[in-house]
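Observations on the three-dimensional arrangement
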Amino acid sequence: MKCSKDEALKLYESMVVLRAVDDRIVPLKLKDLVMDGFHPYVGEEAVAVGVCANLNPDDYVISTHRPQGHALAKGASMQAIFAEMLGRMGGPSNGLGGPMQWVDVENNFFCGSIVGSGVSYATGFALAAQKEGNGRIAACFFGDGASNTGSFHEGMNLASLWKLPVLYICENNQYGEAMPVKDFVSVPRISERAAGYGIRGLTVDGMDVLAVAEAVAEAVDSIRKGDGPVLIETVTYRYRGHYLGDPDNYRSKEEIEQWRKKDPIDRLGAQLIERWKASEQELSALRERIEKDAQAAEAWALEQPKATLEYAVDNVIVPLAGRSA
Amino acid sequence: MASDRLITFSDAIREALDEEIARDERVYIMGEDVGVWGNLFGCSRGLLDKYGKDRVKDTPISEAAIAGCGVGSAAAGLRPVVEIMYIDFISIAMDQIVNHAARWHQLSGGKVTVPVTIRTQQGVGFRNSSQHSQTLESWFVNVPGLIVVTPATPYDVKGLLKSAIRNENPVIFIEHKAVYRNKGHVPAEEYLIPLAEADVKRPGRDLTIVANSWMVLHALAAAEQLAEEGIDCEVVDPRTLYPLDTETIVASVRKTGRCLVVNEAPAEAGFSAEVAAVVGERCFGDLKAPVRRLTGRRTGIPYDKELERMVVPGVQEVLREARSLAGR
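Residues numbered from 1 in each chain as written. Chains lettered and ligands numbered in written order. Predicted model: local features only at pLDDT ≥ 70, side-chain atom pairs only at ≥ 80, totals over all residues.

Examining the overall build of chain A
Scanning chain A for helices and strands turns up 11 helices and nine strands. In summary, chain A has a C-alpha radius of gyration of 20 Å against a globular reference of 20 Å for 325 residues, a match within 12%. A buried classification covers 53% of the 325 residues belonging to chain A. For chain A, contacts bridging at least 24 residues in sequence account for 75% of all contacts bridging at least 6. (Helix = DSSP H or I, 4+ residues; strand = E, 2+ residues; numbered from the N terminus. Rg over C-alpha atoms; globule rule 2.2 N^0.38 Å. Buried ≥ 20, exposed ≤ 12 C-beta atoms within 10 Å, placed from the backbone. Contact = placed C-beta atoms within 7 Å.)

Concerning the overall build of chain B
Within chain B one finds 12 helices and 14 strands. Here chain B has a C-alpha radius of gyration of 19 Å; the compact-globule value for 328 residues is 20 Å, and the two agree. Seen through its C-alpha atoms, chain B measures out along the principal axes to roughly 60 × 45 × 40 Å. For chain B, buried positions account for 58% of its 328 residues.

Notes on the sheet that holds strand β2 (residues 27-31) of chain B
Residue and element names in this part refer to chain B. Strand order in the open sheet formed by seven strands is β3-β2-β4-β5-β7-β6-β12, and the pairing between neighbours is mixed. Looking at the sheet topology across the chains shown, the edges are occupied by β3 (56-58) and β12 (240-242). Between one strand axis and the next, the sheet turns by 20° as a mean value, whatever way the strands run. Bridge count between strand β4 (residues 79-84) and strand β5 (residues 117-122): four bridges; the pairing is parallel. Paired with valine 82 across the two strands is isoleucine 118, which belongs to β5. (Pairing = 2+ DSSP bridges. Axes fitted to C-alpha atoms, helices over the stretch in contact; angles between N-to-C directions.)

Describing the environment of glutamate 321 of chain B
Tracing the chain through its elements places glutamate 321 of chain B in helix α12 (residues 315-325). For glutamate 321 of chain B, a count of 20 C-beta atoms within 10 Å puts it in the buried group.

Examining the sheet that holds strand β4 (residues 138-143) of chain A
Residues and elements named next belong to chain A. Strand order across the open sheet formed by seven strands is β2-β3-β1-β4-β5-β9-β8, with mixed pairing between neighbours. Looking at strand neighbours, the two that pair on one side only are β2 (103-104) and β8 (200-205), the edges of this open sheet. Pairing analysis gives two bridges linking strand β1 (residues 60-62) to strand β3 (residues 109-110), with the strands arranged parallel. Counted as the bridge partner of valine 61 is phenylalanine 109 from β3. Strands β1, β4 and β5 (166-172) of the sheet are contacted by helix α5 (residues 117-132), whose axis makes an angle of about 175° with β4.

Focus on the packing of helix α1 (residues 5-30) of chain A against helix α4 (residues 78-86) of chain A
Helix packing geometry: the angle between the two helix axes and the distance between the axes. All names here are of chain A. Close contact between α1 and α4 brings their axes to 11 Å; oriented N to C, the two are set at 25°. Considered as vectors, α1 and α4 are oriented roughly parallel to each other. Once α1 is placed against α4, the crossing between them reads as right-handed. Together, Val17, Val21, Ile25 and Leu28 of α1 and Met78, Ile81, Met85 and Leu86 of α4 make up the contact between the two elements. Split by residue class, the contact of α1 with α4 holds eight nonpolar, no polar and no charged. (Parallel < 35°, antiparallel > 145°, perpendicular 65-115°, else oblique. Left-handed = near helix turned anticlockwise from the far one by under 90°. Nonpolar A, V, L, I, M, F, W, Y, C, P; charged D, E, K, R; others polar.)

Topic: the packing of α4 of chain A against helix α10 (residues 280-303) of chain A
All names here are of chain A. Packing of α4 against α10 brings their axes to within 8 Å, and their N-to-C directions diverge by 45°. It follows from the interaxial angle that α4 and α10 lie oblique. The way α4 lies across α10 gives a crossing that is right-handed. Taking contact as the criterion, the partners of Met78, Gln79, Phe82, Ala83 and Leu86 in α4 are, on α10, Asp293, Ala294, Ala297, Glu298, Trp300, Ala301 and Leu302. Of the residues assigned to the contact of α4 with α10, the class counts are nine nonpolar, one polar and two charged.

Things to note about the nonpolar core
Ala138, Ala139, Cys140 and Leu167 of chain A together with Ile209, Ala219 and Ala322 of chain B are the most contacted members of the largest nonpolar core, which totals 199 residues. Structurally, this core is a two-domain feature, drawing no fewer than three residues from each of domain 1 (4-187) and domain 2 (199-325) of chain B. The residues touching isoleucine 209 of chain B, leaving out its near neighbours within four places in the chain, are Ala219, Ala223, Cys233, Val235, Leu260, Val262 and Ala322 of chain B. (Core = buried A, V, L, I, M, F, W, Y, C linked by C-beta atoms within 7 Å. Domains from an automatic or database assignment.)

Some details on the domain arrangement of chain B
All names here are of chain B. Along its sequence, chain B is carved into domain 1 (4-187) and domain 2 (199-325). Just the C-alpha atoms count here: the centres of domain 1 and domain 2 sit 26 Å apart. Opposite the 23 residues of domain 1 that make contact, domain 2 presents 24 residues. Put simply, the parts of the chain that give the side of domain 1 that touches domain 2 at least two residues each are α6 (137-141), β6 (147-149) and α7 (154-166). Class assignment for the residues of the side of domain 1 that touches domain 2 results in 11 nonpolar, nine polar and three charged.

Notes on the interface of chain A and chain B
Quoted interface sizes are often the accessible area lost when the parts come together. On the chain B side, the residues contacting the 35 residues of chain A number 38 residues. Considering each element in turn, the side of chain A that touches chain B owes the most residues, 10 residues, to α5 of chain A. Considering only residue class, the side of chain A that touches chain B consists of 17 nonpolar, 15 polar and three charged.

Some details on helix α8 (residues 214-228) of chain B
Those residues of α8 of chain B that fall on the buried side of the exposure criterion are Trp214, Met215, Val216, Leu217, His218, Ala219, Leu220, Ala222, Ala223 and Leu226 of chain B. Note on α8 of chain B: the residue one or two positions beyond its end, glycine 230 of chain B, has a positive phi of about 90°.

Observations concerning the confidence of the model for chain B
Residue and element names in this part refer to chain B. Across chain B, the average pLDDT comes to 97, with 99% of residues at or above 70. Here strand β1 (residues 4-8) stands out as the least confident element of chain B, with mean pLDDT 93; strand β11 (residues 233-237) is the most confident, with 99. The ipTM value of the predicted complex is 0.96, and its pTM value is 0.97. (pLDDT = per-residue confidence, 0-100.)

A look at the pairing of β5 of chain B
Residue and element names in this part refer to chain B. Within β5, six of the six residues are buried, which leaves the element mostly enclosed by the surrounding structure. Burial along β5 is two-sided: the residues Thr117, Arg119 and Gln121 and Ile118, Thr120 and Gln122 are all buried. Direction of pairing for β5 relative to strand β7 (residues 171-176): parallel, over a ladder of six bridges. Looking at β7, one finds that isoleucine 118 is bridged to isoleucine 172.

A closer look at the pairing of β5 of chain A
All names here are of chain A. Extensive coverage of β5 is indicated by the burial of seven of its seven residues. Residues Val166, Tyr168, Cys170 and Asn172 of β5 are buried on one face, and the alternating residues Leu167, Ile169 and Glu171, pointing to the opposite face, are buried as well. Where β4 lies against β5, six bridges are found, and the strand directions are parallel. Pairing of cysteine 140 across the sheet is with tyrosine 168, part of β5. Pairing of β5 with strand β9 (residues 230-235) involves six bridges; the strand directions are parallel. Following the sheet pairing, leucine 167 is matched in β9 by valine 230.

Focus: helix α4 (residues 94-101) of chain B
Taken residue by residue, α4 of chain B has Asp95, Gln96, Ile97, His100 and Ala101 of chain B as its buried positions. Check the buried side of α4 of chain B and you find it contacts α5 of chain A together with α3 (63-75), α5 (104-107) and β5 of chain B.

Let's talk about unusual backbone geometry
Only a minority of non-glycine residues have a phi that is not negative, and only a minority of peptide bonds are not trans. A cis amide bond, omega -5°, links tyrosine 242 of chain B with the succeeding residue proline 243 of chain B. Phi is positive for asparagine 94 of chain A, close to 50°, though the residue is something other than glycine. Considering the arrangement of structural elements, one finds asparagine 94 of chain A in the loop between α4 and β2.

Here it is as structure tokens:
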């Protein structure tokens, strides 16, 4: 795809940010400062970054139980993500949500830990955007497993009927928890399911950020024009377990190694050197800078207080006028 | 009152929807057959012609998507009134309501509101049997983040629905299929009824009957007859099940010293249990007899006309329990 060196460097930096944060959460999890709700994103960075590079700040993102990559790519700060993972004030939900469910108003970002739900409620954000008529879209991420839920079917059918501005991004990371995709999805490619809703579906290499970004750019363009939803299946892989510490007995070390050879960060790094004449020193300096930023962000988050009980039971409802309840 | 009219429960709902769609451009209604049909009971008849497809949206039979679209669009600034045709179908939509609509205000630190009104109807009365006749209101009362309303009269349904639509919270607005054709006094002038305020439908000295939805009408009919027998019943309709106006209930029971709770759902952890618990906690020293509950039987709703009537409380059962509680 057409891409300047600066643009490629931005994609590279964004992926490095995602990985630096994920890698730093691992030891926090091992110390029980972050709990099992943490679902590592390492390996899938090209998807979040390739998609969000094409979104505007006022576009909505509907994410999953594995939201940290999407959130960072959409604009959340490293500080905020560390704080939410640790359950501290300063996270998008001030630590009440934890690793897999939060609402980040400033970034128009919603995520949650019920697989498939977002495909239905994304239609609402898209309907509101359509009524506004100002070109906003809803980008709805979900995993391979979500494509078997009733919500997926109901939401996609409705979005197609009403030509709602939704971009569906399926992150096919090869496993639904411990089960391989071929054992639970009835078609070879999840993108084929788009045909059942009369919308366009395509499959792209989710380990190649440039391929993801190119496909998404074209899809977003048509969605903003009012042509209705598009489903993009990204073929990707999570290097770590479904959650950190899962038995990981459902795949071989060789398989993981094969996928690591396609690493999206290494791949774009090599392209930067070959195609855009970046130097190895330039890239390693970038990585070191991000590492320091991540370290500082983590240290900041560890200093933040936990929510008080008073805060934890507040904001349950908007108080009704004149009543104590 | 010159402006006073007798209109049906369905007409009262239609007026409320009409007025709120006209009043606020963010309001729209959506659901299965709300448009061309105008709802099974005529509650939105004529609104499609009046406001067009952007404001009155017929949907596929997709309860998760209907609820989800409502929830998402509410968080994005609209004020949807979505309809789940029978409350039994809401099981398909529970995830959207319980896991998302009810959670986002808190998870956003109070910054996001989800002002969606979910209209549905429950209960027996049409021989719809066990998958179209259940009383499921208490499911929602037990979920933090939701408001639950069960109006019984045309006057109440209009004023409460308008308040629900204007409320910033997700509101589960549960009508009863047996009352849509009932007529009642409804002023021509606009009015609102605040949520979370009970209504003393009939004042009395001897015994408090707390009833909601269709059961209010049974309680009132029974109270008329009991008055002739010298038992003066006070009938309290909470109208909003959460937040519950406990003060009105407690004040009534402190006055009468006797409390009968009438509810169409099974007793176990049903709304009747909540009322009985509140009365037990707050009025123990005032009670002349233990709180009594009259509830639906713990069974699927049968198809047969007589059996359907026999598994939920009716006027005769209210009379029997009230007399017994009053020591007659």
